[in-house]
2 protein chains.
Amino acid sequence: MMAKYKDIGIKLTPQRLAILGYLEGNKAHPSAEDIYNDLHAKYPTMSFATVYTTLATLRAKGCISELSIDPDKKRFDPNTSDHNHLICTSCKRVVDITVPFDLTLPEDSASDFMITGSHVEFFGICPECKKNNRYSREDMEKCV
Amino acid sequence: MMAKYKDIGIKLTPQRLAILGYLEGNKAHPSAEDIYNDLHAKYPTMSFATVYTTLATLRAKGCISELSIDPDKKRFDPNTSDHNHLICTSCKRVVDITVPFDLTLPEDSASDFMITGSHVEFFGICPECKKNNRYSREDMEKCV
DNA sequence: ATTAATGCAAACACTTTGCAATGGA
DNA sequence: TCCATTGCAAAGTGTTTGCATTAAT
């Protein structure tokens, strides 16, 4: 995410500024629906279409990244620097993992792919779900 | 995936046997649609509903796992043992990575989660897409 | 003034579900 | 026989798109 929105090179409409402001420093890895729901109260004219198209635009500009961490919906991350994630398989909360890992892939394991990146996901049960017993054996086996 | 299907403990209908046979040793990480398309020719009565419900049943029985590697559709893997994946961000081909990684997560990084598993995904461009120039800068930045 | 962005609603893609009919066990 | 499974079609999610209107530059 950029410091000054003008540098992004897109028209700064009130809707886009609201979305940019919402995402700035946001560590919740929100879905499009999360964003719409939270912003619609304050910006009644905010539409789903605008949220979706703005997210697509910001992604194309490299301002945010799209996570396929949740099998049921896309989640968005304003932190585009290299990092990994820890996911609660019960409530789908996602938290950042900033410790680095050595993910050197032996040349002969790469199947002649041109490797461009990697991502580690840890699965688990978050403290809240644990405390409230909101988890089952299935949740624990399920890796999102 | 089990050696003898009887051990799974489900009714072995022709449709389920077809799906089980299709998945056995399958390294393509097919989607429900892939499975339906490939089997429908041979088993004309095979329906989408049966594919979906059978996949859900097999997953609940622990015979297959569901991957959220592809943001647009669920992919299924009959290999339920611990392994990782390499994904072509252009054609969405998924290949197995069997080399192990040390993914020890420091206690203080786990945010009090009860860790239950992990998964590494590598992104890249497969040889076919590379050869046919079926990739863009966007594809290479896109991490599925 | 130009041209891109907006809101709406319809369309789309993937998945799930209700229900009567079927067929394994 | 009995009850789970099937196929169909409808419904349910999440996402994208066409288009007339609006507004940022």
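Preceding block: the structure.
Attention here is on the structure that accompanies the text. All figures in this text were calculated on a predicted structure; none of them were measured in a lab. (Residues numbered from 1 in each chain as written. Chains lettered and ligands numbered in written order. Predicted model: local features only at pLDDT ≥ 70, side-chain atom pairs only at ≥ 80, totals over all residues. Heavy atoms only, no water.)

This part takes up the interface of chain A and chain B. Opposite the 44 residues of chain A that make contact, chain B presents 44 residues. Between chain A and chain B, the buried area comes to about 3,900 Å², and carbon and sulfur atoms account for 63% of it. Interface area lost by chain A to chain B is led by Ser68(A), Phe113(A) and Met114(A), which between them contribute 17%. Across the pair Asp72(B) and Lys74(A) runs a salt bridge whose closest N-O atoms are separated by 3.4 Å. (Contact = heavy atoms within 4.5 Å. Buried area = accessible area lost by both parts, 1.4 Å probe. Salt bridge = Lys/Arg side-chain N within 4 Å of Asp/Glu carboxyl O.)

Further remarks concern the protein's contact with DNA strand D. Taken together, 20 residues form the shell around DNA strand D, and within it Tyr52(A), Thr13(B), Arg16(B), Thr45(B) and Thr50(B) come nearest. Restricting the count to atoms of DNA strand D within 4 Å of the protein gives a sugar and phosphate share of 79%. Tyr52(A) has a polar side-chain atom sitting 2.5 Å from a phosphate oxygen of DNA strand D. Side-chain polar atom of Lys11(B) to a sugar or linking oxygen of DNA strand D: 3.3 Å apart, as the coordinates give it. Breaking the surface near DNA strand D down by element, the ones donating at least two residues are α3 (48-60) of chain A together with α1 (14-23) and α3 (48-60) of chain B. The class makeup of the residues in the surface near DNA strand D is 6 nonpolar, 7 polar and 7 charged. (Near = heavy atom within 4 Å. Polar contact = N/O pair within 3.5 Å; in protein donor to acceptor, adjacent residues only side chain to side chain. Helix = DSSP H or I, 4+ residues; strand = E, 2+ residues; numbered from the N terminus. Nonpolar A, V, L, I, M, F, W, Y, C, P; charged D, E, K, R; others polar.)

This part takes up the state of the cysteines. Residues and elements named next belong to chain B. A full pass over the atoms with the stated rule returns 0 disulfides over all chains. For the unlinked cysteine Cys88, the closest cysteine sulfur is that of Cys91, found at 3.7 Å. A residue is classified by how much of its surface remains accessible, and Cys88, at 0% relative accessible area, is buried. On the basis of relative accessibility, which here comes to 34%, the residue Cys91 falls in the partly exposed class. (Disulfide = S-S within 2.5 Å. Buried < 20%, exposed > 50% of the residue type's maximum accessible area, 1.4 Å probe, protein only.)

Turning our eyes to something else, we now look at the packing of helix α2 (residues 32-40) of chain B against α3(B). For any two helices packed against each other, one specifies the crossing angle of their axes together with the interaxial distance. Residue and element names in this part refer to chain B. At a minimum axis separation of 10 Å, α2 and α3 run at an interaxial angle of 130 degrees. The orientation of α2 with respect to α3, classified from their angle, is oblique. Considering how the two elements wind past one another, α2 and α3 form a crossing that is right-handed. Residue-level inspection shows Ala32, Glu33, Ile35 and Tyr36 of α2 in contact with α3, the latter providing Phe48, Val51, Tyr52 and Leu55. (Axes fitted to C-alpha atoms, helices over the stretch in contact; angles between N-to-C directions. Parallel < 35°, antiparallel > 145°, perpendicular 65-115°, else oblique. Left-handed = near helix turned anticlockwise from the far one by under 90°.)

Taken together, 19 residues lie near DNA strand C, and Thr13(A), Thr45(A), Thr50(A), Tyr52(B) and Lys74(B) sit nearest. Within 4 Å of the protein, the contacting atoms of DNA strand C are drawn from sugar and phosphate to the extent of 77%. For DNA strand C, a sugar or linking oxygen lies 3.2 Å from a polar atom in the side chain of Lys11(A). Between a phosphate oxygen of DNA strand C and a main-chain N or O atom of Lys74(B), the distance comes to 2.8 Å. Mapped onto the surface near DNA strand C, the elements with two or more residues apiece are α1 (14-23) and α3 of chain A together with α3 of chain B. Residue composition of the surface near DNA strand C, by class: 5 nonpolar, 7 polar and 7 charged.

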